[in-house]
Amino acid sequence: MSGDADGEVGPDQLDDDLSVAILRLDELVRTLREQCPWDREQTHTSLRRYLLEETYETLEALDARSGAEAGGGADIEDLDRHLCEELGDLLYQVWFQAHLASERGAFDIADVAQQVRRKLVARHPHVFGDVEASDADAVRGMWDAIKLQEKGRDSVMDGIPRTLPALLSAVKVQKRAATAGLLAGDSDQDEFGETERALAELRADRNEHSFGQLLLAAVELGRRLKVDPEDALRSATERAQRHYRAREQDIR
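Calculation criteria
- By convention here, each chain's residues receive numbers from 1 onward along its written sequence.
- For this predicted model, a pLDDT threshold of at least 70 governs which residues receive local features, and a threshold of 80 or more governs which side-chain atom pairs are given and counted, while totals over whole chains, interfaces and linings are taken from all residues.
- Hydrogens and water are ignored here; the side-chain numbers use all heavy atoms of the structure.
- Labels follow the DSSP assignment, with helices taken as runs of H or I lasting at least four residues and strands as runs of E lasting at least two, numbered in each case from the N terminus.
- To sort residues, take the accessible area from a 1.4 Å probe on protein chains only and compare it with the maximum for the residue type: under 20% means buried, over 50% means exposed, and anything in between is partly exposed.
- Contact criterion: two residues are considered in contact whenever any of their non-hydrogen atoms come within 4.5 Å of each other.
- Per-residue and other accessible areas follow the Shrake-Rupley method at a 1.4 Å probe size, with only the shown protein chains counted as cover for residues.
- Only one rule defines a salt bridge in this text: a Lys or Arg side-chain nitrogen within 4 Å of an Asp or Glu carboxyl oxygen.
- Stacked, tilted and edge-to-face are the three classes assigned to paired rings of Phe, Tyr and Trp, where Trp is represented by its six-membered ring and a pair needs centres within 6.5 Å; plane angles under 30 degrees give stacked, over 60 edge-to-face, the rest tilted.
- To sit over a ring, a charge needs its Lys NZ or Arg CZ within 6 Å of the ring centre and within 35 degrees of the ring normal.
- One less than the number of residues in a helix, times 1.5 Å, gives the span that helix is expected to have.
- We define a polar contact as two N or O atoms separated by no more than 3.5 Å, with the added condition that, inside protein, one atom must be a possible hydrogen donor and the other a possible acceptor, whereas residues neighbouring each other in sequence contribute only through side-chain atom pairs.
- Scored from 0 to 100, pLDDT records how confident the predictor is in each individual residue.
- For every element, the axis is a line fit to its C-alpha atoms; helices are fit only across the contacting stretch, and the angle between N-to-C directions ranges from 0 to 180 degrees.
- Relative orientations are named as follows: roughly parallel for angles under 35 degrees, roughly antiparallel for angles over 145 degrees, roughly perpendicular for angles from 65 to 115 degrees, and oblique for any other angle.
- Left-handed describes a crossing whose near helix is turned anticlockwise from the far helix through less than a right angle; right-handed describes the clockwise counterpart.

**Q** Let's hear about the overall build of the protein: which residues, and what values?
**A** Broken down by element type, the protein carries 11 helices and zero strands. Counting from the amino terminus, helix and strand elements in the protein follow one another as α-α-α-α-α-α-α-α-α-α-α. Here the protein holds 252 residues, and 21% of them are scored as buried. Taking contacts inside the protein between residues at least 6 apart in sequence as the whole, the part at least 24 apart equals 51%. For the protein, the accessible area works out to roughly 18000 Å², and carbon and sulfur atoms hold 53% of it.

In structure tokens form, the structure reads like this:
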């Protein structure tokens with residue numbers, strides 16, 4: 001990337017570089033679709049697995065970088081390069097899906113960009129309007145309220161994809177219930193008590209329903225403690241793997 005005489009990159013140069021990069025990516029997607037046998041065979045449905053794979057690989061790259069920032073000892077620059085690569089792979093999947101839609105005359109990548117921009121502007125009246133939001137919780141509540149009105153939904157529970165992993169779905173349900181003021185109790189201690197009651201019920205009735213209630217109570221406890229249950233479980237699983245690997249070595 002070229003810069004000004006003093007070494008600084010001007011806004012015009014940034015715009016030019018961004019425009020060139022976008023146009024070149026769009027040209028690549030079109031070329032591969034026309035000339036590559038594999039790309040020509042793809043459909044919205046066939047690409048689902050690759051979109052999912054690239055999403056998980058991007059999440060793994062983000063986790064690795066977070067671990068390094070927390071003192072993992074890895075090279076941050078190498079991890080940033082890896083993250084850049086994975087984000088590029090994910091971007092390509094989004095672009096490819098939009099190109100398939102453009103072939104049907106439905107929409108193209110420009111429509112995708114314009115749609116998300118309009119939506120984000122509308123859902124940030126505290127930035128682009130005269131509404132005030134004191135903290136992140138207020139922003140989340142405002143977001144859900146605007147989304148409810150936009151979609152014409154009857155409940156804050158509407159629109160939660162059934163295909164979400166169970167743990168992520170539970171987190172989303174609890175967060176929406178909290179922002180809508182639907183949860184009983186307003187302290188961590190209340191939720192500790194709910195977790196203990198769920199555990200007592202599981203001891204009495206050892207079945208799927210009772211175990212599910214315990215998991216749901218644990219998710220809500222994590223939300224109140226500002227601990228992401230997905231991250232917490234992943235970290236605990238990784239610790240368990242290290243422990244079992246060490247035991248394997250001891251046994252051998």
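Picking up after the structure, the text goes on.
**Q** Hey, could you go over the side chain of Ser210 for me, with residue numbers and the actual values?
**A** As for its position among the elements, Ser210 is in helix H10 (residues 208-224). Ignoring sequence-local partners within four residues, the contact set of Ser210 consists of Ala198, Glu201, Leu202 and Asp205.

**Q** Outline the environment of Leu87, supporting the account with residue identities and numerical values.
**A** Mapped onto the secondary structure, Leu87 falls in helix H4 (residues 76-103). Taking the C-alpha atoms as reference points, Leu87 and Thr55, 32 residues apart in sequence, are found 8.6 Å from one another.

**Q** Account for the pattern of salt bridges, naming residues and giving values.
**A** One pass over the structure, following the stated rule, counts 13 salt bridges. The closest approach of N and O atoms between Asp137 and Arg140, which form a salt bridge, is 2.2 Å. Taken as a pair, Asp137 and Arg140 lie in helix H7 (residues 136-151) at a separation of three residues, close to a single helical turn. Ionic pairing is found between Arg234 and Glu230, a salt bridge with its closest N-O pair at 3.5 Å. Of this pair, Arg234 and Glu230 both sit in helix H11 (residues 229-251), four residues apart, which is roughly one turn of that helix. Among the residues examined, Arg234 registers a relative accessible area of 30% and is labelled partly exposed. Salt bridges sharing partners connect three or more residues here, namely Asp63, Glu230, Asp231 and Arg234.

**Q** Any details on the packing of aromatic side chains? Residues and values, ideally.
**A** In this structure the tally under the stated criterion is two aromatic pairs. Taking the centre distance of 5.4 Å and the plane angle of 75° together, the rings of Trp38 and Tyr50 count as edge-to-face. Placement of Trp38 in helix H2 (residues 37-41) and of Tyr50 in helix H3 (residues 48-72) is noted, with a sequence separation of 12 residues between them. Positioned above the aromatic ring of Trp143 is the side chain of Arg123, whose terminal nitrogen or guanidinium carbon lies 4.8 Å from the ring centre.

**Q** Tell me about H4, and name the residues and values.
**A** In this model, H4 (28 residues) spans 40 Å end to end at C-alpha, consistent with the 40 Å of a helix rising 1.5 Å per residue. Restricting attention to buried positions, one finds in H4 the residues Leu79, Leu83, Glu86, Tyr92, Gln93, Trp95, Phe96, Gln97, Ala98, His99, Leu100 and Ala101. The backbone nitrogen of Glu77 lies 2.9 Å from a side-chain oxygen of the residue at the head of H4, namely Asp75. Looking one or two places after H4, you find Gly105, whose phi comes out positive at around 75°.

**Q** Give a description of unusual backbone geometry that names residues and reports values.
**A** Look at Lys226: it is not a glycine, yet its phi comes out positive at around 60°. By relative accessible area, Lys226 is classed as exposed at 72%.

**Q** Outline helix H8 (residues 166-179), supporting the account with residue identities and numerical values.
**A** Spacing of three or four residues puts side chains on the same side of an α-helix, whose turn is 3.6 residues. An ideal rise of 1.5 Å per residue puts 20 Å on 14 residues; H8 measures up with 20 Å between its terminal C-alpha atoms. Among the residues of H8, Ala170, Val171, Gln174, Arg176 and Ala177 are the ones counted as buried. Tucked inside the fold, the buried residues of H8 contact H7, H10 and H11. Following H8 by one or two positions, Gly181 has its phi on the positive side, about 70°.

**Q** Describe the confidence of the model for the protein, naming the residues involved and giving the relevant values.
**A** Per-residue confidence for the protein gives a mean pLDDT of 86, with 90% of residues at or over 70. Considering only residues more than four positions removed or in separate chains, one finds that residues 1-7, a stretch of pLDDT under 50, has nine contacts.

**Q** Give me the lowdown on the packing of H8 against H10, citing residues and values where you can.
**A** Where H8 contacts H10, the two axes come as close as 10 Å, and the packing angle between them is 60°. Compared by their axis directions, H8 and H10 come out oblique. Between H8 and H10 lies a crossing whose hand is right-handed. For the pair H8 and H10, the contacting residues are Leu167, Ala170, Val171, Gln174, Lys175 and Ala178 in the first and Leu216, Val219, Glu220 and Arg223 in the second.

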